[in-house]
Amino acid sequence: MSHHHADHDHVHHGSDLSPVEARVRALESLLTEKGYLDPAALDALVELYETKVGPHLGARVVARAWVDPAFRARLLAEATPAIAELGIGGRGGEHMVVVENTPETHNLVVCTLCSCYPWPVLGLPPVWYKAPPYRARAVIDPRGVLAEFGVTLPETTRITVWDSTAETRYMVLPLRPAGTEGFSEEALAALVTRDAMIGTGLPKALPVEPVEMPV
Amino acid sequence: MNGAQDLGGAHGFGPVVPEPDEPVFHAAWERRVFAMALAMGYTGAWNLDGSRAARESLPPAEYLASSYYAIWLKALEKQLAATGLATPAEIETGRAAEPAKPVARVLARDGLEERFRAGFPSSRATDAPARFAPGDAVQARNIHPTTHTRLPRYVRGKRGHIVRVDGVFVYPDTSAHGAGENPTWLYTVAFSAQELWGESGDPGGTVTVAAFEPYLEPA
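Residue indices begin from 1 for each chain and proceed along its sequence in written order. Following the order in which they are written, the chains are lettered starting with A and the ligands numbered starting with 1. Since the coordinates come from a predicted model, pLDDT governs what is reported: local features require at least 70, and pairs of side-chain atoms require 80 or more to be given and counted, while whole-chain, interface and lining totals use all residues. Where side-chain values are given, they derive from all heavy atoms of the structure, hydrogens and water being excluded.

Some thoughts on the overall build of chain B
As a reminder, the rule being used: Numbering goes from the N terminus for both helices and strands, where a helix is a DSSP run of H or I of at least four residues and a strand is a run of E of at least two. Only protein chains enter the area calculation, which uses a 1.4 Å probe; residues under 20% of their type maximum are buried, those over 50% are exposed, and those in between are partly exposed. In this analysis, two residues are considered to be in contact whenever any of their non-hydrogen atoms come within 4.5 Å of each other. Computed with a 1.4 Å probe, the accessible areas rest on the Shrake-Rupley method; for each residue, only the protein chains presented here act as cover.
Within chain B, the regular secondary structure consists of eight helices and five strands. Ordered by position from the N terminus, the helices and strands of chain B form the series α-α-α-α-α-α-β-β-α-β-α-β-β. Across its three principal axes, chain B shows a C-alpha extent of roughly 55 × 45 × 35 Å. Within chain B, the proportion of its 219 residues that are buried is 48%. Counting only contacts in chain B whose residues sit at least 6 apart along the sequence, the fraction spanning at least 24 positions is 65%. Element-wise, carbon and sulfur atoms account for 55% of the exposed surface of chain B, whose accessible area totals about 9,700 Å².

Dropping the structure here:
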């Protein structure tokens, strides 16, 4: 496509806008003039997904599942209403599925066809999740991808990769780190990283091997 | 369509490069493209499947060379022109030259957060019984539609089994090009990594996809 007009404006008005910035600004102006858009609604959408919806919400779900076995059972059986119990839900997570890591099985989430990602619990996806290297390799070389994230699993741990090819959205319920008995829900949530809920990471403070601590 | 978006199993893209402390957006224009795409989708002029189809039907070289929100921008411009909501000339100038076309609704700031926190479910009802049940052996059909589909190439022709009946959903293959929602049963299908990738597959590994009933046949 041509960027000539934007470039032309750029030169003549001495603006600091790049061609893409000028093109996007012009498009918003056009769509607003035509009455299809309210710029104040765009501001609110950006604010919602930049400042309010993010992986801290998924971390609350995980922490609750770690401390409340009945909630964990509801979450694994039917995730969307269970997550809604915490007031969490919405666009891009209307049909949630939570998959549980065990000592035998590790779960990894990808969208090979585009960028499907559970927005209400994790926010908008990072660039690497949407970019070709991860989308290409997660399904054919999950151990290699995990190694690039610094995660090395025992050979005996089986890996299940969940390719998000429809409107179902997956979140991983990671293993609760050893040594966190008695932690509050808030303290547990602080251990839950975004990547742990995608499956490309593990919760913080997870020892490689359980260590017997003297009391 | 067998486009550049269908990346599962491709080689040569290099390592995954996570960005520490990554911001949600990397430039101000990305914020506006993100929000414009959502708000224009909200007008009802097209649907989510149509947006995906518009993105993946960019020429493969252009798709792979474009950043994520650049793909969204190009697809949005394409959809505006295709629906007549804006002409290519208007998009170039940023000024209206034709009267606006009516749209079903315009996203307002008031109540926006509640609407997006409620979501827009794509589950539907059907009278048709589900053809498959958990445990059933199935084979993904070896189909190559030139229009939008959500059956990735790497599972076509492969054998797996049903692990979950997910319910009935809008069928993207027709919804994407205005041929109706056609509520269709959706299944989670598990394939062994070695069924998909031969000897190079991770031993004991599994890959699942969410597959609509017409993508599958009994195996």
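Section: the confidence of the model for chain A
Note the threshold: A residue's pLDDT is simply how confident the predictor is in it, with values from 0 to 100.
Summarising the model, chain A shows a mean pLDDT of 91, and 88% of its residues fall at 70 or more. Note that pLDDT drops below 50 for residues 1-13 of chain A; the model gives that stretch 18 contacts with residues more than four away or on any other chain.

Description of the sheet that holds strand β4 (residues 206-212) of chain B
Keep this limit in mind: Strands pair, by our definition, only if DSSP identifies at least two bridges between them. Every axis in this analysis is a line fitted to C-alpha atoms, fitted for helices over the stretch in contact. Angles between the N-to-C directions lie between 0 and 180 degrees.
Within the open sheet, the seven strands sit side by side as β2(A)-β3(A)-β4(B)-β3(B)-β2(B)-β1(B)-β5(B). Their pairing is mixed. Either end of the sheet is taken by a strand with one partner, and the two such strands are β2 (105-110) of chain A together with β5 (216-218) of chain B. Taking each pair of neighbouring strands and ignoring which way they run, the sheet shows an average axis angle of 35°. Two elements, strand β1 (residues 137-140) of chain B and β5(B), share three bridges in a ladder whose sense is antiparallel. When the sheet's bridge partners are listed, V138(B) is paired in β5(B) with P218(B).

Describing the pairing of strand β3 (residues 158-163) of chain A
Of all six residues in β3(A), five are buried, a share of seventy percent or more. Relative to β3(A), β2(A) runs parallel, the two being bridged by six bridges. Counterpart to V109(A) in the pairing with β3(A) is W162(A). As judged from the four bridges shared by β3(A) and β4(B), these two strands associate in the parallel manner. For D163(A), the partnering residue across the bridge sits in β4(B) and is V209(B).

Some details on the packing of aromatic side chains
Applicable threshold: The aromatic pairing rule takes the rings of Phe, Tyr and Trp, using the six-membered ring of Trp, and pairs them if the centres are within 6.5 Å, calling planes under 30 degrees apart stacked, those over 60 edge-to-face and the rest tilted. Any Lys NZ or Arg CZ that is within 6 Å of a ring centre and within 35 degrees of that ring's normal is treated as a charge sitting over the ring.
Summed over the entire model, instances satisfying the criterion amount to 23 aromatic pairs over all chains. Arranged with centres 6.1 Å apart and planes meeting at 70°, the rings of W128(A) and Y129(A) form a pair that is edge-to-face. The two residues W128(A) and Y129(A) agree in class, both being buried. Above the plane of the ring of W72(B) lies R55(B), whose end atom (NZ or CZ) is 4.1 Å from the centre. In this arrangement the basic side chain of R105(B) is found over the ring face of Y42(B), its NZ or CZ atom lying 3.9 Å from the centre.

Regarding the packing of helix α1 (residues 28-42) of chain B against helix α4 (residues 68-83) of chain B
Residue and element names in this part refer to chain B. Selection criterion: Each angle gets one of four labels, with under 35 degrees taken as roughly parallel, over 145 as roughly antiparallel, 65 to 115 as roughly perpendicular, and the rest as oblique. Here a crossing is called left-handed whenever its near helix is offset anticlockwise from the far helix by less than a right angle, and right-handed whenever the offset is clockwise. For this scheme, ten residues count as nonpolar: Ala, Val, Leu, Ile, Met, Phe, Trp, Tyr, Cys and Pro. Four count as charged, namely Asp, Glu, Lys and Arg, and the remainder, Gly too, count as polar.
Closest axis-to-axis distance for the α1/α4 pair is 10 Å, and the angle between their directions is 40°. By the criterion of interaxial angle, the relationship of α1 to α4 is oblique. For the crossing formed where α1 meets α4, the hand is left-handed. Taking contact as the criterion, the partners of W29, E30, V33, F34, M36, A37, L38 and M40 in α1 are, on α4, Y69, A70, W72, L73, L76 and L80. Broken down by class, the residue content of the contact of α1 with α4 amounts to 13 nonpolar, no polar and one charged.

With respect to α1(B)
Residue pairs spaced three or four apart in an α-helix point in one direction, given the helix's 3.6 residues per turn. Residue and element names in this part refer to chain B. For clarity, the cut-off: One less than the number of residues in a helix, times 1.5 Å, gives the span that helix is expected to have.
With 15 residues, α1 should reach 21 Å at 1.5 Å per residue; the first-to-last C-alpha distance of 22 Å fits that figure. With 12 of 15 residues buried, α1 lies mostly within the body of the structure. Turning to α1, its buried residues number three or more, namely W29, E30, R32, V33, F34, A35, M36, A37, L38, A39, M40 and Y42. Remark: G44 follows α1 within two positions and exhibits a positive phi of approximately 85°.

Details of the pattern of salt bridges
Selection rule: In the sections that follow, a salt bridge refers to a side-chain nitrogen of Lys or Arg positioned within 4 Å of a carboxyl oxygen of Asp or Glu.
Evaluation of the coordinates by the stated rule reveals 23 salt bridges over all chains. Salt-bridge contacts for E50(A) lead to R31(B); the nearest nitrogen and oxygen are separated by 2.8 Å. Here R31(B) lies in helix α1 and E50(A) lies in helix α3 (residues 39-52), a pairing that spans two chains. The exposure class assigned to R31(B) is partly exposed, which follows from its relative accessible area of 27%. Notably, a salt bridge pairs D202(B) with R143(A), separated by 2.8 Å at the nearest N-O pair. Of this pair, D202(B) sits in the loop between α8 (193-197) and β4 while R143(A) sits in helix α10 (residues 142-148), on two different chains. Accessibility assignment for this pair places D202(B) and R143(A) in one class, buried.

Topic: the interface of chain A and chain B
Note the following rule: Joining two parts hides part of their accessible area as seen by a 1.4 Å probe, and the buried area is that hidden amount summed over both. The definition of a polar contact used here is a pair of N or O atoms within 3.5 Å, where within protein one atom must be able to donate a hydrogen and the other to accept one, and adjacent residues in sequence count solely through side-chain atom pairs.
Contacts between the two partners involve 76 residues from chain A, matched on the other side by 87 residues from chain B. Among the residues of chain A in contact with chain B, Y36(A), L113(A) and I140(A) are the three that bury the most area, contributing 10% of the side total. Remark: the boundary between chain A and chain B carries 10 salt bridges. One can count 36 residue pairs in polar contact (both at pLDDT 80 or more) joining chain A with chain B. For the side of chain A that touches chain B, the secondary structure elements donating two or more residues are α2 (19-33), α3, β1 (95-100), α8 (127-130), α9 (132-137), α10, β3 and β4 (168-173) of chain A.

Quick look at the environment of L151(B)
Residues and elements named next belong to chain B. Positionally, L151 belongs in the loop between β1 and β2 (159-169). Classification of L151 by relative accessible area gives buried; the value is 2%. Taking the C-alpha atoms as reference, L151 lies 8.3 Å from A140; in sequence the two are 11 residues apart. Aside from chain neighbours lying at most four places away, what touches L151 is A140, R141, I143, R156 and Y215.

Things to note about the domain arrangement of chain A
As a reminder of what qualifies: The start and end points of each domain follow an automatic or database-based domain assignment.
In terms of domain boundaries, chain A breaks down into domain 1 (11-51) and domain 2 (53-198). The gap between the C-alpha centroids of domain 1 of chain A and domain 2 of chain A is 33 Å.

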